[in-house]
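Coordinate inspection notes
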Amino acid sequence: MGRMLTALLIVLGILWVLLPPTVLMGQNQDLQTEQKACCQAVPSVATANAMSPETAYESSIHPIADNIETEMRQFSWRPGCPVAISDLRLIRLTYWGFDSAVHTGELVVHESIASEVSRIFGELFAIRFPFFSMKRIEAFSGDDDASMNANNTSAFNCRVIKGRKTYSRHAYGLAIDINPVQNPYDNGTTVSPPSGQSYLSRSSEIMGMITAQGPVVSIFYKYGWKWGGAWKRTKDYQHFERYL
Ligand SMILES: [Zn+2]
């Protein structure tokens, strides 16, 4: 028994001397390789984070999908509206919220201005102009008052101008309302939404407010848009519209 053990130890000793270390250390080598792979990947991840990909503006333009068309036919479009649904486009875009975070919003506009609107909102993103909410009007059953009360930014809605029988530019997909609470409609007797009453003074810099001298108006003007805040009698500070 003692001799067998001695022989075994001798064989093991010879193997230890003869075999290359890679065979004996195989497992450790693999571990080292894994560690290398792990730690080499770290700098590239760190670089990606440093570039803050979440701060890049993203926008895409889509024809109106069947499920959205169904909602629109229910709430915001009906036969006789001055634009066909096939001439409208859905823009999905990123925007800065009042919470200083990036969100994704949706706007429906006329096909002819879709890429222009995408660029305008890219410029608004670059200056970090904040939006409280940006949902399609169908989220409010097509009810403009409900959308305004929710301080929602929206574009297309086949509706007439308040107090008139003529279609609003929104009915053509050629108008956008921005942060209605901070930028209310005011005709001298009515303020819409009612919570906009406290924002009729336009002198101070308030989050989400559009002022005559501010960057939002100058960006829209650059692209040939008109602003409701510049109208003489009725003021519609939330409203921008485009004539082609
Ligand atoms: Zn409007």
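In the block above lies the structure referred to throughout.
The shown structure was predicted, so the numbers you read here are calculated from the model rather than taken from an experiment. (Residues numbered from 1 in each chain as written. Predicted model: local features only at pLDDT ≥ 70, side-chain atom pairs only at ≥ 80, totals over all residues. Heavy atoms only, no water.)

1. Considerations on the coordination of the zinc ion
Quick note on the threshold: We call an atom a donor if it is N, O or S and sits within 2.8 Å of the metal, or 3.2 Å for Na, K and Ca. Water is not counted, so some sites may look partial. The helix and strand labels rest on DSSP assignments: H or I over at least four residues marks a helix, E over at least two residues marks a strand, and numbering proceeds from the N terminus. Accessibility here uses a 1.4 Å probe with only protein chains present; expressed as a share of the type maximum, an area under 20% marks a residue as buried, one over 50% as exposed, and anything in between as partly exposed.
Looking at the zinc ion, one finds its protein donor set to be His170 (NE2), Asp177 (OD) and His239 (ND1), positioned 2.0 to 2.1 Å from the metal centre. Mapped onto the polypeptide sequence, the residues donating to the zinc ion form the spacing pattern H-x6-D-x61-H. Pair noted here: Asp177 is in strand 5 (residues 175–177) and His239 is in strand 10 (residues 239–241), with a separation of 62 residues, a long-range link. In this pair, the class of Asp177 matches that of His239, namely buried.

2. Regarding the packing of helix 5 (residues 114–126) against helix 7 (residues 215–222)
Formally: Note on geometry: axes are C-alpha line fits, over the in-contact stretch for helices, and angles between N-to-C directions span 0 to 180 degrees. Roughly parallel here means an angle under 35 degrees, roughly antiparallel means over 145, roughly perpendicular means 65 to 115, and every remaining angle is called oblique. A clockwise turn of the near helix away from the far one marks a right-handed crossing, whereas an anticlockwise turn of less than a right angle marks a left-handed crossing. The contact criterion used throughout is that any non-hydrogen atoms of two residues lie within 4.5 Å. Put simply, Ala, Val, Leu, Ile, Met, Phe, Trp, Tyr, Cys and Pro go in the nonpolar bin, Asp, Glu, Lys and Arg in the charged bin, and everything else, Gly too, in the polar bin.
Running from amino to carboxyl end, helix 5 crosses helix 7 at an angle of 155°, the nearest separation of the two axes being 10 Å. Judged by the inter-axis angle, helix 5 sits roughly antiparallel to helix 7. The two elements helix 5 and helix 7 cross, and the hand of that crossing is right-handed. On helix 7, the residues touching Ile120, Phe121, Glu123 and Leu124 of helix 5 are Val216, Ile219, Phe220 and Lys222. Partitioning the contact of helix 5 with helix 7 into residue classes produces six nonpolar, no polar and two charged.

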